[in-house]
Amino acid sequence: MNMNLSIFKNKSFLYYWISTWISSLGDSIFVIALTWLLVEETQSPSVVGTYLFILGASKIIFVLIGGVIVDRVNPKKLLIYSNLLRAGVIILALIALFVQNDAIWIFYIIGAVFGMVDSIAEPAGISFRTRIIGKEFYTQSMGLLMTAGNVSAVVGPMIGAGLVAVGSTGFAIMVNAVTFLISAVLLVLVKEVNKEEEVVREPMWKSVKSGFHYFLTTPVILTMAIFAFFANAAVGATFVSIPFLADELNFGVEGFGLMNTAIGVGSVAGAVLFSIFTIKNPKPYMTLLTCFLQGAVIMLVGFTGNLWIILLLIGLMGLHETAVNVIAPSVNHAIIPPRIFGRVISVMILVMSGSVPIAQAAAGWMMEWTAPQNIFIYGGILEMAAALLTFSLPFIRKYGRESSFSAEQ
């Protein structure tokens, strides 16, 4: 890792970074404001649960189509339009609520629209980043974006609660709409350096098929996605077990709060670290090493009952999670051709994230008959075993090293 701060001289990236930071902050405010509004109006947990289900389901349903669209339309335009659409939908929803106070159904529409927009905006954002920076800044730029997201996740809820207390839930939601508008304006100022002008003319179903074909016929991408399926399952299971661990060890709600704070502090520390230092040529084995260490940390949580040691270990979990989320996408960028990046990354998102709800449900069921400490032990062992097994494959372990050696010759 090398210290390199020259990325801050790239005005286009700075505009993009600030735009992402503002929209992330707005999202955090929106979650607090919307949840509180639904509680105020309905007093029904099922309404909140239904909203979250619609949001997640619509994203999963449309993510493959979103990837194809990203390969057909300039991602900068897609990001601008997605922000404008979000702002417009929020404003229309507030108008509908003003006219009819009990029009909670409008938020189900928001959930569906936001899910569809996210299915496009997420791969568009991933793809667009490589158009404004050089390859040597892939990990550093991801670190800066992770810093924005992690800090927003910590600060946003407090700002959202403050806006609700000072004004109203409607006022807080309107602030979120304004953040999307500001984000769109900043994106207009971004200039692309590595621009792809190739126009995709094939039918959409063929584009989806070609994304699957590349995914299935590229051993490195396929193998790392399958590895991520198990690694994400391990991490997802342990995160859902944290409140039960606090209860089991009699740490109370204070201990639970400290554990969540530790995750946030670790995540921010990792993001800041990767914002300062760069990895010029990220390789798959770096992802595997980071995940193996994370698995070891997770497993150790299950063997201790000391709160301060647990807080340290959970903080390290957050740091390693940030490291994985910085290194792995940068590896994908270095491997996947830009012209099909959107549709391939959409397939990867589908595979890699599909294990999380399954693992969380399984962890909840397992804790009916076993202690939450065992979930951490099983999860850590699963992640370490998956990392070792994947690393044992020669084409993964040696990927990129042969070309580097040849270049030096």
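A brief structural summary.

1. Focus: the overall build of the chain
Step number 1: Per the secondary structure count, the chain includes 16 helices and two strands.
Step number 2: For the chain, with 409 residues in total, the buried portion stands at 49%.
Step number 3: Counting only contacts in the chain whose residues sit at least 6 apart along the sequence, the fraction spanning at least 24 positions is 87%.
Step number 4: Carbon and sulfur atoms form 70% of the exposed surface of the chain, whose accessible area is close to 18900 Å².

2. Let's talk about the packing of aromatic side chains
Step number 1: Under the definition given, this model contains five aromatic pairs.
Step number 2: Between the aromatic rings of Phe-229 and Phe-230, the centroid separation amounts to 5.4 Å while the plane-to-plane angle is 80°, which identifies the pairing as edge-to-face.
Step number 3: The class for Phe-229 is partly exposed, based on a relative accessible area of 29%.
Step number 4: Where Trp-365 meets Trp-369, the ring centres are 6.1 Å apart and the plane angle is 75°; that geometry is what we call edge-to-face.
Step number 5: You can call Trp-365 exposed: its relative accessible area is 58%.
Step number 6: On the accessibility criterion, Trp-369 (54% relative accessible area) is exposed.

3. A closer look at the packing of helix α8 (residues 219–248) against helix α14 (residues 372–391)
Step number 1: Viewed as axis vectors pointing N to C, α8 and α14 meet at an angle of 165°, and their least axial separation amounts to 8 Å. The angle between the axes of α8 and α14 places the two elements in the roughly antiparallel class. Here α8 and α14 pass one another in a crossing that is left-handed.
Step number 2: Its residues assigned to classes, the contact of α8 with α14 comprises 16 nonpolar, six polar and two charged.

4. Observations regarding the pattern of salt bridges
Opposite charge on two side chains lets them pair, provided their charged atoms get close.
Step number 1: This structure, assessed with the given rule, holds one salt bridge.
Step number 2: The salt bridge involving Asp-118 is made with Arg-86; its shortest N-O contact spans 2.4 Å. Here Asp-118 is found in helix α4 (residues 105–129), whereas its partner Arg-86 is found in helix α3 (residues 75–99), with 32 residues between them in sequence.

5. With respect to the packing of helix α10 (residues 284–301) against helix α11 (residues 307–335)
Step number 1: Put simply, α10 and α11 touch, their axes get as near as 9 Å, and they point 160° apart. Between α10 and α11, the angle falls in the class roughly antiparallel. As α10 runs across α11, the sense of the crossing is left-handed. Residues Pro-284, Met-286, Thr-287, Thr-290, Cys-291, Leu-293, Gln-294, Val-297, Ile-298, Leu-300 and Val-301 of α10 form the contact with α11, whose own contacting residues are Ile-310, Leu-313, Leu-316, Met-317, His-320, Glu-321, Ala-323, Val-324, Ile-327, Ala-328 and Val-331.
Step number 2: Residue composition of the contact of α10 with α11, grouped by class: 17 nonpolar, four polar and one charged.

6. Remarks on α11
Since one α-helical turn is 3.6 residues long, residues separated by three or four positions face the same way.
Step number 1: Between its first and last C-alpha, α11 extends 42 Å over 29 residues, near the 42 Å set by a 1.5 Å rise per residue.
Step number 2: Burial analysis of α11 places 21 of its 29 residues in the buried class, which makes it a mostly covered element.
Step number 3: Looking at where α11 begins, the residue whose side-chain oxygen comes 2.9 Å from the main-chain nitrogen of Trp-308 is Asn-306.

7. What about the side chain of His-320?
Step number 1: Topologically, His-320 is positioned in helix α11.
Step number 2: What His-320 contacts, discounting residues up to four positions off in sequence, is Thr-290, Leu-293, Gln-294 and Val-297.

8. Some remarks on a nonpolar patch on the surface
Step number 1: On the surface, a cluster of nonpolar side chains totalling about 770 Å² of accessible area is made up of Ile-91, Leu-92, Ile-95, Phe-98, Val-99, Met-174, Val-178 and Ile-182.
Step number 2: Taken together, the elements giving at least two residues each to the nonpolar patch come down to α3 and α6 (169–188).
Step number 3: The element contributing the most residues to the nonpolar patch is α3, with five residues.
Step number 4: Topologically, Phe-98 is positioned in helix α3.
Step number 5: On the basis of relative accessibility, which here comes to 73%, the residue Phe-98 falls in the exposed class.

The rules behind each value
Residues numbered from 1 in each chain as written. Predicted model: local features only at pLDDT ≥ 70, side-chain atom pairs only at ≥ 80, totals over all residues. Heavy atoms only, no water. Helix = DSSP H or I, 4+ residues; strand = E, 2+ residues; numbered from the N terminus. Buried < 20%, exposed > 50% of the residue type's maximum accessible area, 1.4 Å probe, protein only. Contact = heavy atoms within 4.5 Å. Areas by Shrake-Rupley, 256 points an atom, 1.4 Å probe, with all protein chains shown as cover. Phe/Tyr/Trp six-rings, centres within 6.5 Å; stacked < 30°, edge-to-face > 60°. Axes fitted to C-alpha atoms, helices over the stretch in contact; angles between N-to-C directions. Parallel < 35°, antiparallel > 145°, perpendicular 65-115°, else oblique. Left-handed = near helix turned anticlockwise from the far one by under 90°. Nonpolar A, V, L, I, M, F, W, Y, C, P; charged D, E, K, R; others polar. Salt bridge = Lys/Arg side-chain N within 4 Å of Asp/Glu carboxyl O. Expected span 1.5 Å × (residues − 1). Polar contact = N/O pair within 3.5 Å; in protein donor to acceptor, adjacent residues only side chain to side chain. Patch = residues over 30% accessible without salt bridge, like charges linked within 9 Å, V, L, I, M, F, W, Y side chains within 5 Å.

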